[in-house]
Amino acid sequence: MAYIYLEKVKNLLGITGTYQDDTLNEYANETIEYMKSAGVTPALADSEKAVGTVARGIDDLWTYKELSGYFKERVTQLALDKGEGTNV
């Protein structure tokens, strides 16, 4: 499935063109599924609010072949997000 915010992620990562779009979409889907499995609501994981986290996950997987501590901490924060004014 094509990631709706792929162009925003590419801008964050400094990627231009469409040559790597299929690979980036697969990494985005993998990252989002990780987030959902960690307790992030599907609506939040698929939202614009999570674009930076998805970009971080893609970059981690692409560059280091593993997810960074920062990415995991951010996923934890998103998993605890209960909406404006009710966060833990």
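On a predicted model such as this, the values are computed, not experimentally measured, just so you know. (Residues numbered from 1 in each chain as written. Predicted model: local features only at pLDDT ≥ 70, side-chain atom pairs only at ≥ 80, totals over all residues. Heavy atoms only, no water.)

A. Expanded view of the overall build of the chain. Within the chain, the regular secondary structure consists of 5 helices and 0 strands. Walking the chain from its N terminus toward its C terminus, one meets helices and strands in the order α-α-α-α-α. Against the globule reference of 12 Å for 88 residues, the chain gives a C-alpha radius of gyration of 13 Å, in line with a compact fold. Summarising its shape, the C-alpha atoms of the chain cover approximately 40 × 25 × 20 Å along the three principal directions. (Helix = DSSP H or I, 4+ residues; strand = E, 2+ residues; numbered from the N terminus. Rg over C-alpha atoms; globule rule 2.2 N^0.38 Å.)

B. Geometry of the environment of Val 54. Within the element layout of this structure, Val 54 appears in helix α4 (residues 51-64). Of the residues examined, Val 54 reaches a relative accessible area of 0% and is grouped as buried. Linking Val 54 and Arg 74, residues 20 residues apart in sequence, is a C-alpha distance of 10.0 Å. For Val 54, the residues in contact, after removing those within four places along its chain, are Tyr 3, Val 9, Ala 28, Thr 31, Ile 32, Met 35 and Ala 45. (Buried < 20%, exposed > 50% of the residue type's maximum accessible area, 1.4 Å probe, protein only. Contact = heavy atoms within 4.5 Å.)

C. Quick peek at the nonpolar core. Membership of the largest hydrophobic core comes to 22 residues, with the highest contact counts inside it found for Tyr 3, Val 9, Met 35, Val 40, Val 54, Ile 58 and Leu 78. Of all the elements in the fold, those that place two or more residues in this core are α1 (6-13), α2 (21-37), α3 (42-45), α4 and α5 (69-80). Here this core gets 5 residues from one element, more than from any other, and that element is α4. With sequence-adjacent residues up to four places away left out, Met 35 is seen in contact with Val 40, Ala 45, Ala 50, Thr 53, Val 54, Phe 71, Val 75 and Leu 78. (Core = buried A, V, L, I, M, F, W, Y, C linked by side-chain atoms within 4.5 Å.)

D. Structural view of the packing of aromatic side chains. Here the structure, examined in full by the defined rule, presents 3 aromatic pairs. Aromatic side chains Tyr 3 and Tyr 5 sit 5.9 Å apart centroid to centroid with 75° between the ring planes, which places their arrangement in the edge-to-face category. A relative accessible area of 7% places Tyr 3 in the buried class. What makes Tyr 5 buried here is its relative accessible area of 19%. (Phe/Tyr/Trp six-rings, centres within 6.5 Å; stacked < 30°, edge-to-face > 60°.)

E. Broad picture of α2. Across its 17 residues, α2 extends 24 Å between first and last C-alpha, which sits within 8% of the 24 Å expected from 1.5 Å per residue. Residues Asp 21, Leu 24, Asn 25, Ala 28, Asn 29, Thr 31, Ile 32 and Met 35 constitute the buried set of α2. When α2 is viewed along its axis, its buried side chains cluster within an angular range of 165° and face the same direction. In α2, the exposed residues that point more than 90 degrees away from the buried face are Asp 22, Glu 26, Glu 30 and Ser 37. Those residues of α2 that are buried are in contact with α1, α3, α4 and α5. (Expected span 1.5 Å × (residues − 1). Arc of directions from axis to C-beta.)

No statement about biological role is implied by the geometric values presented.
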